[in-house]
Amino acid sequence: MANETILVVDDETDILELVQVTLEKEGYQVVCAVSGEKALEAAGAKQPDIIVLDLMLPGIDGLEVARRLKNKPGTTDIPIIMLTAKGEESDVITGLELGADDYVTKPFSPKILNARIRSVLRRKYASAVEDISGSEAISRHGITIAPSKHTVEANSNRINLTPSEFDILVLLLKHPGMVFTRWQIVDTIRGENYAVTDRSVDVQIAGLRKKLGPKGTCIETVRGVGYRFKE
């Protein structure tokens, strides 16, 4: 990974400059925006590889920016890392439900932000260049997932999932009956020691179940442990 373009959105100029300098030292091309409106314009024009998005913005806030980006064909696949003040759990949950890939709390360490960006980009490129050998379609209980094509169908209806939802479903579907803890799910799809909360995994599972409709019951909760796909 080199020379990727990152759109950084924040109305606080000192934070914007700090993030810009940090990322440019890592070799990234950085585009900055100070409002939600400017962020939407830049995302459409520049087609960045990833967006670092503050939630508290003047005018159109960060959650609305994420919603619009995820609902627009040209920007729906751009990964988003949210920047949020501590204690805004409800906003974090909403952002993840909208399809954001990660979040970083303020105040934050530039090194941690850079590590999160690298992790999201690795996942993005790994999905794009995945070796199709051994990645044949898997069908269980009316759900069919094709890892090489990155498609999911439930009762022959195409289902649109976020990258995280897709990876979780692949993991569970490949190991029916096996119980995975929340931390095992995180470690498997995003790497060991990835900083995330139990609640984030629960939100992803809830999103999966909702999108799968009646087939969502195939993802079972094992109380006090984690989740499994019905045998």
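A brief report on the enclosed structure follows. (Residues numbered from 1 in each chain as written. Predicted model: local features only at pLDDT ≥ 70, side-chain atom pairs only at ≥ 80, totals over all residues. Heavy atoms only, no water.)

**Quick word on the pairing of strand β11 (residues 219-222)**
So, step 1. Note: β11 against strand β12 (residues 226-229), 4 bridges, orientation antiparallel. The partner of Ile219 across the bridge, within β12, is Phe229.
So, step 2. Hairpin geometry of β11 and β12 is characterised by an intervening segment of 3 residues between the two adjacent antiparallel strands and by a positive phi of about 80° at Gly224. (Pairing = 2+ DSSP bridges. Helix = DSSP H or I, 4+ residues; strand = E, 2+ residues; numbered from the N terminus.)

**Topic: the pattern of salt bridges**
So, step 1. On inspection of all chains with the given rule, the structure shows 9 salt bridges.
So, step 2. Across the pair Lys106 and Glu12 runs a salt bridge, and its minimum N-O distance is 3.6 Å. On the criterion of sequence distance, the pair formed by Lys106 in strand β5 (residues 102-106) and Glu12 in the loop between β1 (5-9) and α1 (13-25) is long-range, its members being 94 residues apart.
So, step 3. Using a relative accessible area of 14% as the deciding quantity, one classes Lys106 as buried.
So, step 4. What makes Glu12 partly exposed here is its relative accessible area of 36%.
So, step 5. In this structure, Asp54 and Lys106 form a salt bridge, with 3.2 Å as the shortest nitrogen-oxygen distance. Within this pair, whereas Asp54 is found in strand β3 (residues 50-54), its partner Lys106 is found in strand β5, the two being separated by 52 residues in sequence. (Salt bridge = Lys/Arg side-chain N within 4 Å of Asp/Glu carboxyl O. Buried < 20%, exposed > 50% of the residue type's maximum accessible area, 1.4 Å probe, protein only.)

**Side note on the sheet that holds strand β10 (residues 180-181)**
So, step 1. Spatially, the 3 strands line up as an open sheet ordered β10-β12-β11, and their pairing is antiparallel. In the strand order of this sheet, the two ends are held by β10 and β11, each with one partner.
So, step 2. Alignment of β10 against β12, held across 2 bridges, turns out to be antiparallel. Within the sheet, the bridge partner assigned to Phe180 lies in β12 and is Tyr227.

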